[in-house]
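Residue strings, one per chain:
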Amino acid sequence: QVQLVESGGGLVQAGGSLRLSCDGSGSSLAFSVMGWYRQTPGNQRELAAAIVGGGITNYADSVKGRFSISRDKAMKTSYLQMNSLKPEDTAVYYCYVRLPGGGKEYWGQGTQVTVSS
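Since the model is a prediction, treat every value here as computed from it, not as a measurement.

Turning our attention to the sheet that holds strand β3 (residues 18-25). In sheet architecture, strand pairing relies on hydrogen bonds along the backbone and comes in two forms, parallel and antiparallel. The antiparallel open sheet is built from four strands, whose spatial order is β1-β3-β8-β7. Each edge of the open sheet is held by one strand with a lone partner, namely β1 (3-7) and β7 (67-71). Recorded for the sheet is a direction-independent mean angle of 15° between the axes of neighbouring strands. Across five bridges, β7 lies against strand β8 (residues 77-82) in antiparallel orientation. Looking at β8, one finds that Arg-71 is bridged to Ser-78.

The next thing to look at is the environment of Ile-69. Along the chain, Ile-69 turns up in strand β7. Here the alpha-carbon distance between Ile-69 and Gln-1, two residues 68 residues apart in the chain, equals 24 Å.

Here the focus is the environment of Ala-50. Structurally, Ala-50 can be placed in strand β5 (residues 46-52). With a relative accessible area of 14%, Ala-50 lands in the buried category. Residues Ala-50 and Tyr-96, 46 residues apart in the sequence, show an inter-C-alpha distance of 8.6 Å. Residues within four places of Ala-50 in sequence aside, it is in contact with Met-34, Gly-35, Ile-56, Thr-57, Asn-58 and Ile-69.

What counts and how
Residues numbered from 1 in each chain as written. Predicted model: local features only at pLDDT ≥ 70, side-chain atom pairs only at ≥ 80, totals over all residues. Heavy atoms only, no water. Pairing = 2+ DSSP bridges. Helix = DSSP H or I, 4+ residues; strand = E, 2+ residues; numbered from the N terminus. Axes fitted to C-alpha atoms, helices over the stretch in contact; angles between N-to-C directions. Buried < 20%, exposed > 50% of the residue type's maximum accessible area, 1.4 Å probe, protein only. Contact = heavy atoms within 4.5 Å.

Below, the structure written as C-alpha cells:
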C-alpha cells in the first residue's frame, strides 16, 4: 500500500519561503506523476504544481515564477519550493501521486501552510 508522508508546512510571513516534501513508500514502481494540490475552506482542491517522469512540469498561473516542483531520481519523493509567498497561498497542501499506466492515485494527509500579511 502506497503511503505518502508530507513535511515542511508551517507559518511564514508574506515574502518568505517554505519547502514542502512528500516522501512516498510502498510501491515497487516509480510514480508516473507527482504533484501538489491545495485547498482552502469551502473551495475545491486545486492543482498548484505537478511533474511527470520526463521532468515536464505544470504550474497554476497563480504560482508561476514563485513555486518550483522537483523530484528525486527514483520518482519517489517530490519537493515544492515556495518563494515570495503571499497570504492568498494560505491553504492545506496535499501531495499527490499516480502509478504508471493510468494506475491508482494516492493522496497525502495534507500539511497546513499559513502566510501572514
